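The chain contents come next:
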Amino acid sequence: MSNTSDSLSKLALRKFKKNFWGVLSFWLILIIGVMSLFAYMIAPDDSQNANEMHLSIHSQRPGFEVQMLTIPSEIDNHQSVVSKLLFGTQSSDSEIPISKYTIENTTLFYTEYASDGLIGADKAVDLSVFPNNDYNSYIENKSFLFGTDKYGRDLLSRVLVGSRISFSIGFVAVFISLIIGIFFGSIAGYYGGKIDAFIMWIINVTWSIPTLLLVIAITLALGKGFWQVFIAVGLTMWVEVARVVRGQIISAKEMQYVTAARALGFNDYRIITKHILPNIMAPIIVISAANFAAAILIESGLSFLGIGAQPPMASWGAMIKDHYNYIILGKPFLALIPGVCIMVLVMAFMLVGNALRDALDVKT
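Parameters at a glance
Residues numbered from 1 in each chain as written. Predicted model: local features only at pLDDT ≥ 70, side-chain atom pairs only at ≥ 80, totals over all residues. Heavy atoms only, no water. 1 Å grid on protein atoms, 1.4 Å probe; cavity = no way out; pocket = protein on both sides within 12 Å on 5 of 7 lines; lining within 4 Å. Points joined across faces, edges and corners; volume = space filled by probe spheres on them. Helix = DSSP H or I, 4+ residues; strand = E, 2+ residues; numbered from the N terminus. Core = buried A, V, L, I, M, F, W, Y, C linked by side-chain atoms within 4.5 Å. Buried < 20%, exposed > 50% of the residue type's maximum accessible area, 1.4 Å probe, protein only. Contact = heavy atoms within 4.5 Å. Phe/Tyr/Trp six-rings, centres within 6.5 Å; stacked < 30°, edge-to-face > 60°. Lys NZ or Arg CZ within 6 Å of the ring centre and 35° of its normal. Expected span 1.5 Å × (residues − 1). Arc of directions from axis to C-beta. Pairing = 2+ DSSP bridges. Axes fitted to C-alpha atoms, helices over the stretch in contact; angles between N-to-C directions. Salt bridge = Lys/Arg side-chain N within 4 Å of Asp/Glu carboxyl O.

J.: What should I look at first to understand the layout of surface pockets in this one?
T.: Empty space among the atoms can be located by rolling a probe the size of a water molecule over them. Computed from the structure, the second largest pocket encloses a volume of approximately 400 Å³. At four residues, the largest contribution of residues to the lining of the second largest pocket is made by strand β5 (residues 139-144).

J.: For this particular structure, what's the right way to read the nonpolar core?
T.: Soluble globular proteins tend to pack their nonpolar side chains together in the buried interior. By size, the foremost hydrophobic cluster in this structure holds 37 residues, and its most contacted members are Val233, Leu302, Trp316, Leu345 and Phe349. Considering each element in turn, this core owes the most residues, ten residues, to helix α13 (residues 333-359). When residues no more than four places from it in sequence are discounted, the contact partners of Val233 are Ile169, Ala173, Val215, Ala295, Ile298 and Leu302. Membership of the second largest hydrophobic core comes to 15 residues, among which are Ile276, Leu277, Ile284 and Ile287.

J.: How should I be thinking about the packing of aromatic side chains in this particular structure?
T.: Within a pair of aromatic rings, the relevant descriptors are the distance that separates the centres and the angle that separates the planes. Counted under the stated rule, the structure contains 17 aromatic pairs. Ring centres of Phe183 and Phe184 lie 5.3 Å apart, and the angle between their planes is 75°; this geometry places the pair in the edge-to-face category. Ring centres 5.3 Å apart and planes at 75° place the aromatic pair Trp227 and Phe230 in the edge-to-face group. Remark: Phe230 and Trp227 occur in helix α8 (residues 226-252); sequence separation between them is three residues, near one turn of the helix. With relative accessibility at 1%, the residue Phe230 sits in the buried group. Through a chain of ring-to-ring contacts, three or more aromatic side chains come together here, namely Phe167, Phe171, Phe292 and Phe349. The ring of Trp207 carries Arg243 above its face, with NZ or CZ at 4.8 Å from the centroid. Note that Arg270 overlies the ring of Phe266, its terminal NZ or CZ placed 4.1 Å from the centroid.

J.: For this particular structure, what's the right way to read helix α6 (residues 193-208)?
T.: Three or four residues apart is the spacing at which side chains of an α-helix point the same way, because the helix has 3.6 residues per turn. Over its 16 residues, α6 extends 22 Å from the first C-alpha to the last, a length consistent with the 22 Å expected when each residue adds 1.5 Å. Those residues of α6 lying buried are Asp196, Ile199, Met200, Ile203 and Thr206. Looking down the long axis of α6, one finds its buried residues gathered within 125° of arc, a one-sided arrangement. Facing away from the buried side of α6, by more than 90 degrees, are the exposed residues Lys194, Phe198, Trp201 and Ser208. Buried residues belonging to α6 abut α5 (155-191), α7 (211-222) and α8.

J.: Whenever I open this one, the sheet that holds β5 confuses me. Can you help?
T.: Pairing between the strands of a sheet comes from backbone hydrogen bonds, and it takes one of two forms, parallel or antiparallel. Overall, antiparallel pairing links the five strands, which are arranged β4-β3-β2-β1-β5 in an open sheet. Pairing within the sheet leaves two strands with one partner each, and these edge strands are β4 (122-126) and β5. Sheet twist, expressed as the mean angle between neighbouring strand axes with direction ignored, is 50°.

J.: What exactly am I supposed to notice about the pattern of salt bridges here?
T.: Pairing between side chains becomes possible if they bear opposite charge and their charged atoms approach one another. Using the criterion set out here, one finds five salt bridges in the structure. Between Asp196 and Arg246 there is a salt bridge, with the nearest N and O atoms lying 2.6 Å from each other. Of this pair, Asp196 sits in helix α6 while Arg246 sits in helix α8; the two residues are 50 residues apart in sequence, bridging distant segments of the chain. Assessed through its relative accessible area of 12%, Asp196 is described here as buried. A salt bridge links Asp358 to Arg357; the nearest nitrogen and oxygen atoms lie 3.5 Å apart. Overall, the relative accessible area of 38% leaves Asp358 in the partly exposed class.

Structural data, given as structure tokens:
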């Protein structure tokens, strides 16, 4: 039995590898996943939530460059490497965009950067604030590959950090939906009768409520926030999993291997978990890939409505909400860049789901 299972798995893997778009999407998802995990190491702005604001350089186009003066703080922030990796760097240093600077005696005079043809303010700082009076290492040309948002934050850094929410919402929501859906679907399909009728009634009632409306209701009940959205999305996606599992188990429980397991005296729990579920995992895997894409879209919609991830947390949906007005103001990239990111990630999950469906199709 195990050899047959191994050969079928290898055959499915071979078929999946032949699907160009499926393999390409898989590697794209993997790359985006690694980038989201190490977002603070890759992002030019590694502050918490990539939230370093410079209002004087707001809404600048991709490729914008400016001189940045960093004035070190005397506050020493002790932070572990793991903390920096997961939550970003806690820094008390002040970054100031400047247009020019001069040195006179022990004082550094600089002119703050001003956009739209305005004249920046002239200010001064004593060289003693820089360690060993080495001011050169605190002045650098900083480029913004994706430009800056309306608050003057680095858009590339916000996109990288925002990818974490899209990925984590997919994993958590699908995990919750699988646990609840497989549990109720297994019970309904295996036992049938009144139990099946009652569970199907719950499924149909939940199914009849619009997904976004149900998510909004759950989110408002649990409160606005990061984890509340994850739970809300997961609690609305289980019905689809439950229906698929129920249908598969109704067919599978009439098979000879289930009859043989009953004859050997195995209990219902073992028959369901050890014999039936492993044989119906193919459609569950496919629906999980589709649910990943659906979860990302729902979270983006909630963030756009203002009840998803709350500021200053970076979220692709919230970034579109903040900048959709700029589409008609001549700076559409502020909304289009996060929009394209959502589209690419959702399309990748859908293509992987289609490739898995074809690879795991026993008829072919």
